[in-house]
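# Observations on chain architecture
What follows is the residue order along each chain.
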Amino acid sequence: MGLFGRKNKEKMENGLKKTRTGFWGNIVNALTGAEITDDLYDDLEEQLILADVGADVALRLVERLREAVKAQHLRTGDQAMDALREILREEMEPAGEMDLSGRPAVILVIGVNGVGKTTSIAKLAHYYREQGRRVMLAAGDTFRAAASEQLEVWAGRAGVPLIKHKEGADPAAVVFDTIAAAKARGCDVVICDTAGRLHNKQNLMNELNKISRVIDRELPGCARETLLVLDATTGQNGLIQAKQFGESAGITGIVLTKLDGTAKGGCVVAVKQRLGLPVRFIGVGEAIDDLLPFDAAGFVEELLPRKWRS
């Protein structure tokens, strides 16, 4: 494991401490040294629900575990925990990588106010800049007072250029100018902020459609990802909101913020099942480098560690 990988592992371990020692710690305690009984399954389902996985997903996970125990002739709770780790990894594993081919590729970022959208955009910019890519930001949230100024401050911290217009300007015009500047400067990735407060789904759809038409015209055939930022501390309520929000937005992935602030964290498990979308990044702190690419196997190891860590 290289320096970058070790650093991310340490950040994930520290950032998920509250989650690991909370309800997921109860799951570890319930399975360690236990016999596999109906009562154990019932207890596990209850703990998964308390950990914010959601009742339907908890039931699915327990049923999959029952099947694995029967098929693999498992006898102990420790063996069942190994099987549960693998089930969780499979449930959360993205089907493929993000597509950022082409030059520049475009990432649209959406999310309601208060979920950490602005800081996540800057952290994404920092992440890709650290990979050696040239990044440019578009301050497309022109409806929220001081949104562009806030993003400008974070762009400075990330060390990337920002294109902005005055408050109330057409977001598509901001994206147009950003694409032109990105092409002129040879940028690899354009990350576009979009409005976080809209009156209804139609407003969101209209704005994103207009932005998409600009991208299609100015960057025909370019790779494009649309990431929805969710606050992990809102749990299942956030997923309900995300489903409503995402029906109009053509979302391709999720950024889950504030995982360091919740003792539950089960919403990460539920995202793919509830929304049909992969988690792409997780936020485990407030620093510019505290947004990590999501690694399902590493995440499960932090939730259900083989060697207990407080």
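For the structure, check the block above.
This section reports on the structure supplied with the text. (Residues numbered from 1 in each chain as written. Predicted model: local features only at pLDDT ≥ 70, side-chain atom pairs only at ≥ 80, totals over all residues. Heavy atoms only, no water.)

## Comments concerning the overall build of the protein
Helix and strand counts for the protein come out as 13 helices and eight strands. For the C-alpha atoms alone, the extent of the protein along its principal axes is close to 65 × 45 × 35 Å. Restricting to contacts in the protein with at least 6 residues of sequence separation, those with at least 24 account for 77%. For the protein, the computed accessible surface area is about 13600 Å², with 48% contributed by carbon and sulfur atoms. In the protein, the 41 positive side-chain charges and the 43 negative ones have mean positions that sit 5 Å from each other. (Helix = DSSP H or I, 4+ residues; strand = E, 2+ residues; numbered from the N terminus. Contact = heavy atoms within 4.5 Å. Areas by Shrake-Rupley, 256 points an atom, 1.4 Å probe, with all protein chains shown as cover. Lys, Arg positive; Asp, Glu negative; His and termini not counted. Charge placed at Lys NZ, Arg CZ, Asp CG, Glu CD.)

## Some details on the packing of aromatic side chains
Under the defined criterion, the tally for this structure stands at four aromatic pairs. Taking 5.3 Å as the distance between ring centres and 80 degrees as the angle between the ring planes, the aromatic pair formed by Y127 and F281 counts as edge-to-face. Of this pair, Y127 sits in helix α7 (residues 117–130) while F281 is found in strand β7 (residues 279–283), placing the two residues 154 residues apart along the sequence. Classification of Y127 as buried rests on a relative accessible area of 12%. Classification of F281 by relative accessible area gives buried; the value is 2%. For the pair F294 and F299, a centre-to-centre distance of 5.5 Å together with 55 degrees between the ring planes defines the contact as tilted. There is no split in this pair, since F294 and F299 are both buried. Each member of the aromatic cluster is reached from another via a ring pair, and the members are Y127, Y128 and F281. (Phe/Tyr/Trp six-rings, centres within 6.5 Å; stacked < 30°, edge-to-face > 60°. Buried < 20%, exposed > 50% of the residue type's maximum accessible area, 1.4 Å probe, protein only.)

## Observations regarding the nonpolar core
Judged by nonpolar contacts, the single largest core of 58 residues is most densely connected at W24, L256, I282 and F299. Leaving out residues up to four positions away in the same chain, L256 has contacts with L230, A232, C267, V268, V271, V279, F281, I282 and G283. In this structure, L124, Y128, L137 and L227 belong to the second largest nonpolar core, which totals 28 residues. (Core = buried A, V, L, I, M, F, W, Y, C linked by side-chain atoms within 4.5 Å.)

## Points about the environment of R274
One can find R274 in helix α12 (residues 267–275). C-alpha of R274 to C-alpha of K243: the two residues are 31 residues apart in sequence and 8.0 Å apart in space. Contacts of R274, omitting those with residues within four sequence positions, involve G54, D56, V57, Q236 and L239. Within the structure, R274 has its side chain in polar contact with the side chain of D56 (distance 2.9 Å). (Polar contact = N/O pair within 3.5 Å; in protein donor to acceptor, adjacent residues only side chain to side chain.)

## Some points on the environment of R89
Within the element layout of this structure, R89 appears in helix α6 (residues 77–92). Taking relative accessible area as the criterion, R89 reaches 24% and is therefore assigned partly exposed. The sequence separation of R89 and T257 amounts to 168 residues, and the corresponding C-alpha distance is 20 Å.

## Brief notes about the packing of helix α5 (residues 55–72) against α12
One can describe the packing of α5 onto α12 by two numbers: an axis separation of 10 Å at closest approach and a directional angle of 100 degrees. Between α5 and α12, the angle is such that the two are roughly perpendicular. Every residue of α12 that contacts α5 at D56, V57, R60 and L61 is listed here: V269, A270, Q273 and R274. Of the residues in the contact of α5 with α12, the class split is four nonpolar, one polar and three charged. (Axes fitted to C-alpha atoms, helices over the stretch in contact; angles between N-to-C directions. Parallel < 35°, antiparallel > 145°, perpendicular 65-115°, else oblique. Nonpolar A, V, L, I, M, F, W, Y, C, P; charged D, E, K, R; others polar.)

## Considerations on unusual backbone geometry
Here the residue pair R103 and P104 is connected by a cis peptide bond, since its omega of -5 degrees sits within 30 degrees of zero. Tracing the sequence through the fold places P104 in the loop between α6 and β1 (105–110). One non-glycine residue with positive phi stands out, namely D52, at about 80 degrees. Here D52 lies in the loop between α4 (38–50) and α5. By relative accessible area, which is 14% here, D52 ends up buried.

## Some words on the pairing of β1
Within β1, six of the six residues are buried, which leaves the element mostly enclosed by the surrounding structure. Here β1 shows a buried face lined by A105, I107 and V109 and a second buried face lined by V106, L108 and I110. Here five bridges tie β1 to strand β5 (residues 224–231), and the two strands are oriented parallel to one another. Bridge pairing in β5 links V109 to L227. (Pairing = 2+ DSSP bridges.)

## Section: the side chain of T142
Topologically, T142 is positioned in the loop between β2 (135–138) and α8 (147–158). Judged by relative accessible area, T142 falls into the buried class, the value being 1%. Engagement of the side chain of T142 in a polar contact is seen with the backbone oxygen of A169, the distance being 2.6 Å. In this view, T142 contacts K166, E167, G168, A169, P171 and V174; residues no more than four positions away in its chain are not counted.

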